[in-house]
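Architecture at a glance
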Amino acid sequence: DQIQVTDPRIETEMGISTDTLEQHLQMAVADLTLQRQGDMLISGYATEKAKQLILGKLTQKSAENDYWMDEGAIRDWVSKRLTKEIATISIDRMISDREVVRSNHLVALRTDQTSLSKKQTAALSTVLKSLEGNRTPPLLRELAEITKHKSESLQSLLRFAAQQHLIIPIDDQLYYHAATLA
């Protein structure tokens, strides 16, 4: 997989031959100084710095018992120091490395309080979409029909969502999306 340097200004303005630059870039990728992300080369230092910033922010939130944070807000916060692209790449890598979890547009540290199975995550996503912006949300039995879950297992999932401040329970049959009542 060759790295091709195609900007002629590198040679004319910097005095470095493209062959030499390509060799140095290959070595930097090989020793992880640079990381390839599609067509981009990204500093390993920058992605590690973004990861540390994100972990620090999510750790702070979880210490306040507020485990989830809007992914866009994290991206914006990190972009004050680094770029949004590096923040996005870092979040995606942290998810694939199972350091953080994503639910819809929210991310959190991976803990027992925030970990769900794929089936539970899909059901929660369906529930949140059903409740989002809905001033007359479906009742528990309707949510059970929508998600194809039994009411008992769905109640456990709804308790989890309420603990994470994703939804607000009115009673054991009625739940609102937290953003709807905010």
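Here the structure is a predicted model, which is why all the values come from computation and not from measurement.

1. Concerning the overall build of the protein
When helices and strands are counted, the protein shows nine helices and seven strands. Over its C-alpha trace the protein gives a radius of gyration of 22 Å, far above what one expects of a compact globule, namely 16 Å for 182 residues. Residue burial in the protein is summarised as follows: out of 182 residues, 40% are buried. Relative to all contacts within the protein whose residues are 6 or more apart in sequence, the contacts with residues 24 or more apart total 52%. Counting 22 positive and 25 negative side-chain charges, the protein places the averaged centre of each group 7 Å from the other.

2. Some remarks on the pairing of strand S5 (residues 106–109)
Sheet topology note: the strand S3 (residues 69–70)/S5 ladder contains two bridges and is antiparallel. The residue of S5 that forms the bridge with Asp70 is Leu106. Strand direction decides the pairing type here: strand S4 (residues 100–103) and S5, joined by four bridges, are antiparallel. Following the sheet pairing, Val100 is matched in S5 by Leu109.

3. Concerning the layout of surface pockets
Approximately 170 Å³ is the volume attributed to the second largest pocket. Contributing to the lining of the second largest pocket are Asp66, Trp68, Asn104, His105, Leu106, Leu128, Gln164, His165, Leu166, His177, Ala178 and Ala179. Its residues placed into classes, the lining of the second largest pocket shows six nonpolar, five polar and one charged.

4. As for the pattern of salt bridges
Applying the stated rule across the entire model yields five salt bridges. Salt-bridge contacts for Glu99 lead to Lys51; the nearest nitrogen and oxygen are separated by 3.1 Å. Of this pair, Glu99 sits in the loop between helix H5 (84–96) and S4 while Lys51 sits in helix H3 (residues 44–63), placing them 48 residues apart in sequence. Within this structure, Glu71, Arg75, Asp92 and Arg102 form a network of salt bridges that share partners.

5. A word on helix H4 (residues 71–78)
For H4, the complete set of buried residues consists of Glu71, Ile74, Trp77 and Val78. Axial view of H4: buried residues confined to an arc of 125°, hence all on one face. Buried positions along H4 lie against H3, S3, H5, S4 and S5. The N-cap residue of H4 is Asp70: its side-chain oxygen and the backbone nitrogen of Gly72 are 3.0 Å apart.

6. Details of the packing of H3 against H4
Helix packing geometry: the angle between the two helix axes and the distance between the axes. It is at 10 Å that the axes of H3 and H4 come closest, and there the two elements cross at 125°. Accordingly, the angle class assigned to the pair H3 and H4 is oblique. Judged by the sense of rotation from one axis to the other, the crossing of H3 with H4 is right-handed. Note on element contacts: H4 touches H3 through Ile74, Trp77 and Val78, opposite Ala50, Leu53, Ile54, Lys57 and Leu58. Each residue belonging to the contact of H3 with H4 can be placed in one class, and the counts come to seven nonpolar, no polar and one charged.

7. Focus: the environment of Ser90
Within the secondary structure, Ser90 sits in helix H5. Between the C-alpha atom of Ser90 and that of Ile54, which follows or precedes it by 36 residues, the distance is 8.5 Å. Discounting residues that sit within four places of it in the chain, Ser90 has contacts with Thr47, Ala50, Lys51 and Ile54.

Conventions used here
- Residues numbered from 1 in each chain as written.
- Predicted model: local features only at pLDDT ≥ 70, side-chain atom pairs only at ≥ 80, totals over all residues.
- Heavy atoms only, no water.
- Helix = DSSP H or I, 4+ residues; strand = E, 2+ residues; numbered from the N terminus.
- Rg over C-alpha atoms; globule rule 2.2 N^0.38 Å.
- Buried < 20%, exposed > 50% of the residue type's maximum accessible area, 1.4 Å probe, protein only.
- Contact = heavy atoms within 4.5 Å.
- Lys, Arg positive; Asp, Glu negative; His and termini not counted.
- Charge placed at Lys NZ, Arg CZ, Asp CG, Glu CD.
- Pairing = 2+ DSSP bridges.
- 1 Å grid on protein atoms, 1.4 Å probe; cavity = no way out; pocket = protein on both sides within 12 Å on 5 of 7 lines; lining within 4 Å.
- Points joined across faces, edges and corners; volume = space filled by probe spheres on them.
- Nonpolar A, V, L, I, M, F, W, Y, C, P; charged D, E, K, R; others polar.
- Salt bridge = Lys/Arg side-chain N within 4 Å of Asp/Glu carboxyl O.
- Arc of directions from axis to C-beta.
- Polar contact = N/O pair within 3.5 Å; in protein donor to acceptor, adjacent residues only side chain to side chain.
- Axes fitted to C-alpha atoms, helices over the stretch in contact; angles between N-to-C directions.
- Parallel < 35°, antiparallel > 145°, perpendicular 65-115°, else oblique.
- Left-handed = near helix turned anticlockwise from the far one by under 90°.

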